[in-house]
Amino acid sequence: MTLGMGDYLTAGQTVDPRPILIVTGLVQEARIAAGPGMAVICSSSSPTQLRALLTVLDPETIRGVISFGVAGGLDPTLRSGDVVLATEVLAGDTRWAAGLSLGDDLIDRLTSGRRRVVRGSLAGAEEVVTGRSCKAALHSETGAAAVDMESHIAAAYAAEAGLPFAAVRVISDPAHRALPALARAAIKPNGQIDVLAVLRGIARNPTALHGLVSTGLDFNRALRSLRGCRDFLIGTELVESEALVSEAA
């Protein structure tokens, strides 16, 4: 199934007018993804809110699901701005396949501008994985390249609905960097950044400024890379496949 805006046709096929569901965690990600042919939802980095949003969404009104946004790095070789195209999503003992097929031309576009693209698995988490040691432990346990709080929920929804699923995630905070608590606390319920909360936090603890600046630079680099992945949403082909893989050993 071809997902996106264009008139991707082969003999005997017609255009499916239904949009693709794009699942994001932050409003910045949602703005990048928004466009014709896309139905975008933003969880505000809340798994509970995302599940509630999906509960009221009729799966027959969409033609596929893509998890799209930034992620925390688990693989120590990945840096901020690197793109992870999911081969599967893992959460607990469950694995969901990400049916993904990319043509060479799309790979070329994604890798332009010094953007590194890798294929790997994504770990799903119910809370932000902040510390370096926690990231290392999760990587050792799962072998996943990155972690986010939306992909496992989106994958489960797609599997239950029998819809194609894919995930593209850009590394924001690499494995070697701990995510400052202030950065997490500054996310508003709508997914935007509470600048006043950041300033108050710095006033209370000036030593947090260096880590926050580094995190901000990584985040901005990740968003620039994510904007360059917009072609993915237009030209990706998702393969109908077994969405649920058996329990992990």
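Located above this text is the structure these notes cover.
Scope of this entry: the structure provided in the associated data block. (Residues numbered from 1 in each chain as written. Predicted model: local features only at pLDDT ≥ 70, side-chain atom pairs only at ≥ 80, totals over all residues. Heavy atoms only, no water.)

Here's the deal with the overall build of the protein chain
Quick reminder of the rule: Helix and strand assignments come from DSSP, with helices taken as H or I runs of at least 4 residues and strands as E runs of at least 2, each series counted from the N terminus. Burial here depends on accessible area, computed with a 1.4 Å probe over protein chains only, as a share of the maximum for the residue type. Under 20% is buried, over 50% is exposed, and the range in between is partly exposed. Residue contacts follow a heavy-atom distance rule, with two residues in contact if any of their heavy atoms lie within 4.5 Å. The Shrake-Rupley method, run with a 1.4 Å probe, gives the accessible areas here. Residue values count only the displayed protein chains as cover.
Each helix and strand counted, the protein chain has nine helices and eleven strands in total. When the 249 residues of the protein chain are sorted by exposure, 48% land in the buried category. Intrachain contacts of the protein chain at a sequence separation of at least 6 include 78% that bridge at least 24 residues. As presented, the protein chain carries roughly 11700 Å² of accessible surface, and 54% of it is formed by carbon and sulfur atoms.

A short note on unusual backbone geometry
Phi is positive for S44, close to 55°, though the residue is something other than glycine. Here S44 is to be found in the loop between β2 (38-42) and α2 (47-55). Notably, S45 is not glycine yet its phi reads approximately 60°, a positive angle. The topology assignment puts S45 in the loop between β2 and α2. The exposure class of S45 is buried, given its relative accessible area of 9%.

Some points on the pairing of β2
Residues in a regular strand project their side chains so that they alternate between the two faces of the sheet. Going by this rule: Strand pairing requires that DSSP identify at least two bridges connecting the strands. Here is how to tell: hold the view so the strands point away, follow the path from the first strand over the helix to the second, and if it runs clockwise the crossover is right-handed.
Direction of pairing for strand β1 (residues 20-24) relative to β2: parallel, over a ladder of five bridges. Residue pairing in the sheet places L21 in a bridge with A39 of β2. What joins β1 to β2 is helix α1 (residues 27-33), and the crossover it makes is right-handed.

Concerning α2
Note the threshold: Working definition: the arc comes from the directions between the helix axis and the C-beta atoms, pointing outward to the latter.
Along α2, the residues classified as buried are P47, L50 and L54. Summarising the axial view, the buried residues of α2 lie within an arc of 60°, below the 170-degree limit, and thus occupy one face. Opposite its buried face, α2 presents the exposed residues T48 and T55, each directed more than 90 degrees away.

Description of the pairing of β1
Across the five residues that make up β1, a large majority, five, are buried. Burial along β1 is two-sided: the face carrying I20, I22 and T24 and the face carrying L21 and V23 are both buried. Taken together, the three bridges between β1 and strand β3 (residues 65-73) define a ladder with parallel strand orientation. Opposite I22, over in β3, you have I66 as the bridge partner.

Structural notes on the packing of α2 against helix α5 (residues 151-161)
As a reminder, the rule being used: To obtain each axis, a line is fitted to C-alpha atoms, and for helices this fit is confined to the stretch in contact; angles are then taken between N-to-C directions over 0 to 180 degrees. Angle categories are assigned with fixed cut-offs, so that under 35 degrees is roughly parallel, over 145 is roughly antiparallel, 65 to 115 is roughly perpendicular, and the rest are oblique. By definition, any crossing whose near helix is turned counterclockwise from its far helix by less than a right angle is left-handed, and any crossing with a clockwise turn is right-handed. Here the nonpolar group is Ala, Val, Leu, Ile, Met, Phe, Trp, Tyr, Cys and Pro; Asp, Glu, Lys and Arg are the charged ones; every other residue, Gly included, is treated as polar.
Where α2 meets α5, the axes come as close as 10 Å, and the angle between the chain directions of the two elements is 20°. The pairing of α2 with α5 is recorded here as roughly parallel in orientation. Two packed elements cross with a definite hand, and for α2 against α5 that hand is right-handed. Seen from α2, the contacting residues are P47, L50, R51 and L54; seen from α5, they are H152, I153 and Y157. Residue classes in the contact of α2 with α5 are distributed as five nonpolar, one polar and one charged.

As for the environment of V118
Turning to its location among the elements, V118 is positioned in strand β7 (residues 117-124). When the C-alpha atoms of V118 and A145 are compared, they prove to be 9.0 Å apart, with 27 residues separating the residues in sequence. Apart from the residues within four sequence positions on either side, V118 is in contact with L78, V83, V84 and L85.

Such coordinate-based values are descriptive only and should not be taken to indicate function.
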